[in-house]
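Remarks on the overall topology
If you want the building blocks of each chain, they are given just below.
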Amino acid sequence: MHPLAQLDRRHVWHPFTQMRDWLRREPVVLVSGRGAMVRDARGREYLDANSSIWTNLHGHNHPKINAAIRRQLGKVAHTSALGLANEPAALLAAELVKVANPPGICDLRLTIDETNRRAGRKSPIANRKLEKVFFSDDGSTAVEVALKLAYEFARRTRGGKARPKFLSLAGAYHGDTVGAVSLGHIDLFHRACAGLLFKSEQVMSPYCYRCPFNRAKPERADAREYRRCNWECVGKVEQKFSAQKKRGNPFAAFVVEPLMQGAAGMIPQPAGWLRRVVEIARGHGGQIIADEVMTGFGRTGRNPESRIQNPESNLFASHHEGVQPDYLCLAKGLTGGYLPMAATLTTQKVFAAFLGEYGEFKTFFHGHSYTGNQLGASAALASLEILKSRASVKARARLEEVLHDELKSLWPLPQVGDIRQVGLVVGVELVKDWRTREPFDLRERAGIRVCEAMARHGVLTRPVGSVVVLMPPYCTTPAQARKMVGALREAIIETFRSPK
Ligand SMILES: *Cc1c(COP(=O)(O)O)cnc(C)c1O
C-alpha cells in the first residue's frame, strides 16, 4: 500500500463515509490534476466527473486562477474582515452584485398563475435587487447566514414576539451545520442529531419521476417530459402557506434549491414550478432563500426559454425562471473549486433592518475568522472572469449538448429509471426495473457499486443514494464527456450482470 494511503487510513476520518468500508480498501490518493483529469500517487489518471464534489468549474490547475492566487499570495494571504476591508473582497462583492442582477431581472413581474388567482391574489410582487454581500466559508455557512438574517428580518418587520418558521422541500439538503440541517429533510442524515434541531416545515418537491400525482406510466424519457398531473405540487405549497398564516405566524421564508435539488437526488423541477411557488410565497409575505450552492455559476446551463436573453443571466438558476430571491446563497463553485469561500447576497431592504444606533444592538452578530479571505476572493474574481468569457460560454453550451446526446445511450439499460439533465448537471436514477420504478434498498449500495466500477474505468464520481451524478468541469472535452458516460454505461452493465 502507498505510504500516503497508509497514513490516511491510520488517521483521517472521511466525511459521509462508513469508515469500516473505507478501511477495507486502499484509497485513491490524488496528487495532481489538469483540466478535467486528476492523477493519483501511483500515476493512474481519472476523469473528475463530479468536479470534486460539485466545486470545480474550469478544471484543475487553471493558469488564470493559479496566476490570480499567486499574485495575491505575493501581497497578503489573509486579513480579517472584522473591522477591516480588503482589495479582492471589495472587488468580488461588486462583481457578484453585477452578475447576480442581470439587466431586466428587477423589471420582471411574475405572471399570475391560476393557483394564485384562485387564492385571490392580484398583483405579483416585483423582484428586488441584490445589493449586499455577506462572506463566509462554505455552503452550510452561506445558508446559515441567510437563515439567521431571514429570521431576524421577519421578527423585526413583523414586530411580534412570534418565532418565525421556515418552509423547505422534502428531501432537501442545505448543509451540515445545525441550522442548515434543521432546514433539511433527509432522514438518514438528520436522525442522529434530531434532538439538536429546530423544527422546520416541509412540502413535497416536484419529483415528477416518483410523484404520487403523476398518472403517467414510466417511459424512456425524463419524467418531466411525459408527466400527467395538475400541478398538485404547487397546490401543496399554497396549502402550506395558507395553513401557516391561519396559525398567525406566516412563514419567514421558503428555502429552495432553484431548478434542481442536488443532494436530495438530483431532482429537477418542471418548467414553471419555481415561478409559481415564488409567487405564492411572496403573496403570503414570505421571503425566498435560494440555495444556489450547487446550481450557481452556470451549472444549470443555457436556458432557451429564459425570459432574459444574455449569457450573464444564465449564471444562476433562479434567473432562468425570472426569479430574484431575497437571499442568494453561493459557495461550491464560487472560487472555481479552489478555496473554501461562500457568499450570501441580499437586498438593501434586509440590510436596512439591521441598521441602528450602536446601543440598539441591531448589529448582525455573526462572522467567521476567514470571512472575506483574500486568496479566496482573488480566485473567485478570476473564476468569474473566465465564466463570462466567450470561450467558456461556448464550451458550456457544447458540453451540455454532448452530454444530452451521449446520455441517450443509457436508456436501453433496464436499471436506468430516469435520466435527469439540467444544463451541466446529470442524475441517473437506478432502479430494479424501469417498468416498475422499483427502487433499490440503500443497503444494496447500487449507486456506490456503480461508482466503484466507474473508478475502475478511470472515471470518478459519487452517487446520492441510487442516483449516479455526472457534473463535469466546464473544460471537459467532448471526448472526455463521452468517456464519462461510457464508463457509467459499462459500470451499470457490469454491476447488474446476473451471476452465471
Ligand atoms: C453542498 C451543498 C451545501 C453545503 O455546502 P458545504 O460547502 O458542503 O457546507 C448546501 N446546499 C447545497 C445545495 C449544496 O449542494
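Residues numbered from 1 in each chain as written. Predicted model: local features only at pLDDT ≥ 70, side-chain atom pairs only at ≥ 80, totals over all residues. Heavy atoms only, no water.

**Topic: the overall build of the protein**
What the protein contains, in helices and strands, is 18 helices and 17 strands. Taken over C-alpha atoms, the radius of gyration comes to 22 Å for the protein, in line with the 23 Å a tight globule of 500 residues would show. C-alpha extents for the protein along the principal axes are approximately 70 × 60 × 45 Å. Counting the 500 residues in the protein, one finds 55% classified as buried. Sequence-distant contacts, at least 24 apart, represent 71% of the contacts inside the protein between residues at least 6 apart. For the protein, the accessible surface area stands at approximately 22,500 Å², while carbon and sulfur atoms represent 54% of it. Taken as two groups, the 72 positive and 48 negative side-chain charges of the protein have centres that lie 1 Å from each other. (Helix = DSSP H or I, 4+ residues; strand = E, 2+ residues; numbered from the N terminus. Rg over C-alpha atoms; globule rule 2.2 N^0.38 Å. Buried < 20%, exposed > 50% of the residue type's maximum accessible area, 1.4 Å probe, protein only. Contact = heavy atoms within 4.5 Å. Areas by Shrake-Rupley, 256 points an atom, 1.4 Å probe, with all protein chains shown as cover. Lys, Arg positive; Asp, Glu negative; His and termini not counted. Charge placed at Lys NZ, Arg CZ, Asp CG, Glu CD.)

**Considerations on the site of the ligand**
Taken together, Trp 54, Asp 138, Gly 139, Ser 140, Tyr 173, His 174, Gly 175, Glu 257, Asp 291, Val 293, Met 294 and Lys 332 are the residues near the ligand. At a separation of 2.7 Å, a nitrogen atom of the ligand approaches a polar side-chain atom of Asp 291. Lys 332 is positioned such that a nitrogen or oxygen atom in its side chain is 2.6 Å from an oxygen atom of the ligand. When isolated, the ligand has an accessible area of 380 Å², and the protein chains bury 84% of it. (Near = heavy atom within 4 Å. Polar contact = N/O pair within 3.5 Å; in protein donor to acceptor, adjacent residues only side chain to side chain.)

**Looking at the pairing of strand E5 (residues 166-169)**
A regular strand places its side chains so that they alternate between the two faces of the sheet. Side chains Phe 166 and Ser 168 of E5 all project onto a buried face; the interleaved residues Leu 167 and Leu 169 project onto the opposite face, where all are buried too. Note: E5 against strand E7 (residues 253-256), 3 bridges, orientation parallel. Paired with Leu 167 across the bridge in E7 is Phe 254. Of the pairings in the sheet, the one linking E5 to strand E6 (residues 201-203) comprises 3 bridges and is parallel in character. The partner of Leu 169 across the bridge, within E6, is Val 203. (Pairing = 2+ DSSP bridges.)

**Let's talk about the sheet that holds E5**
The strands making up a sheet associate through hydrogen bonds between their backbones, and the pairing can be parallel or antiparallel. Ordered in space as E4-E12-E11-E10-E7-E5-E6, the 7 strands form an open sheet in which the pairing is mixed. At either end of the open sheet lies a strand with only one pairing partner, and these are strand E4 (130-136) and E6. Within this sheet the neighbouring strands show an average axis-to-axis angle of 20°, counted without direction. Strands E5, E6 and E7 of the sheet are contacted by helix H11 (residues 232-246), whose axis makes an angle of about 155° with E6. (Axes fitted to C-alpha atoms, helices over the stretch in contact; angles between N-to-C directions.)

**What to know about the sheet that holds strand E2 (residues 37-40)**
Pairing is mixed across the open sheet formed by 4 strands, whose spatial order is E1-E2-E3-E15. One side of each edge strand has no neighbouring strand; the edge strands of this open sheet are strand E1 (30-34) and strand E15 (459-460). Examined bridge by bridge, E2 and strand E3 (residues 45-48) share 3 bridges and lie antiparallel to one another. Bridging from a neighbouring strand, Arg 39 pairs with Glu 45 of E3. In the packing of helix H18 (residues 478-496) onto the sheet, the strands contacted are E3 and E15, and the crossing angle to E3 comes to about 95°.

**Quick look at the domain arrangement of the protein**
One can read the domain layout of the protein as domain 1 (3-61 + 391-495) and domain 2 (87-388). Between the C-alpha centres of domain 1 and domain 2 there is a distance of 27 Å. Summing both sides of the interface, domain 1 and domain 2 together bury roughly 3,600 Å²; the carbon and sulfur share of this comes to 56%. When residues of domain 1 are sorted by the area they lose upon contact with domain 2, Trp 54, Val 422 and Arg 437 head the list and together hold 20% of the total. Here domain 1 is connected to domain 2 by 3 salt bridges. Here Glu 401 ties to Arg 302 by a salt bridge, and the two come within 3.7 Å at their closest N and O atoms. Where domain 1 touches domain 2, the interface holds 24 residue pairs in polar contact (both at pLDDT 80 or more). Of all elements in the fold, only helix H3 (51-54), helix H16 (390-407), strand E13 (416-422), strand E14 (425-430) and strand E17 (467-470) reach the threshold of two or more residues within the side of domain 1 that touches domain 2. Element by element, the count of residues in the side of domain 1 that touches domain 2 is highest for E13, at 7 residues. (Domains from an automatic or database assignment. Buried area = accessible area lost by both parts, 1.4 Å probe. Salt bridge = Lys/Arg side-chain N within 4 Å of Asp/Glu carboxyl O.)

**Thoughts on the pattern of salt bridges**
Taken as a whole, this structure holds 26 salt bridges when the rule is applied. The partner of Arg 191 in a salt bridge is Asp 187, and the shortest N-O contact between them spans 3.9 Å. Across the pair Lys 199 and Glu 201 runs a salt bridge, and its minimum N-O distance is 4.0 Å. A relative accessible area of 60% means that Lys 199 is categorised as exposed.

**So, empty space enclosed by the protein**
Counted under the stated rule, the structure contains 3 cavities of 30 Å³ or more. Taken together, Pro 206, Tyr 207, Cys 208, Cys 211, Phe 213, Asn 214, Arg 227, Cys 229, Glu 232, Cys 233 and Pro 270 make up the lining of the largest cavity. By residue class, the composition of the lining of the largest cavity is 8 nonpolar, 1 polar and 2 charged. Taken as a whole, the second largest cavity encloses approximately 40 Å³ of empty space. Every residue along the wall of the second largest cavity is listed here: His 2, Ala 5, Glu 26, Pro 27, Val 28, Val 29, Asp 40, Ala 41, Arg 42 and Arg 44. For the lining of the second largest cavity, the class distribution of residues is 5 nonpolar, 1 polar and 4 charged. (1 Å grid on protein atoms, 1.4 Å probe; cavity = no way out; pocket = protein on both sides within 12 Å on 5 of 7 lines; lining within 4 Å. Points joined across faces, edges and corners; volume = space filled by probe spheres on them. Nonpolar A, V, L, I, M, F, W, Y, C, P; charged D, E, K, R; others polar.)

**Some words on helix H15 (residues 374-388)**
End to end, H15 covers 21 Å across 15 residues, agreeing with the expected 21 Å (1.5 Å per residue, within 8%). Looking at H15, one finds that the buried residues are Gln 374, Leu 375, Gly 376, Ala 377, Ser 378, Ala 379, Ala 380, Ala 382, Ser 383, Leu 384, Ile 386 and Leu 387. Residues of H15 that are buried make contact with helix H4 (63-73), helix H5 (87-100) and H16. (Expected span 1.5 Å × (residues − 1).)

**Some details on the packing of aromatic side chains**
Across all of its chains, the model carries 10 aromatic pairs by this definition. Between Phe 354 and Phe 364, the ring centres sit 5.8 Å apart and the planes meet at 75°, which makes this aromatic pair edge-to-face. Of this pair, Phe 354 sits in the loop between helix H14 (348-352) and H15 while Phe 364 sits in the loop between H14 and H15, and the two are 10 residues apart along the sequence. For the pair formed by Phe 354 and Phe 364, the shared burial category is buried. A connected cluster of aromatic rings, assembled from ring pairs, spans Phe 16, Tyr 173 and Phe 189. Looking at Arg 276, its charged tip hangs above the ring of Trp 231, at a distance of 4.2 Å from the centre. Residue placement shows Arg 437 over the ring face of Tyr 209; its charged tip is 5.5 Å from the ring centre. (Phe/Tyr/Trp six-rings, centres within 6.5 Å; stacked < 30°, edge-to-face > 60°. Lys NZ or Arg CZ within 6 Å of the ring centre and 35° of its normal.)

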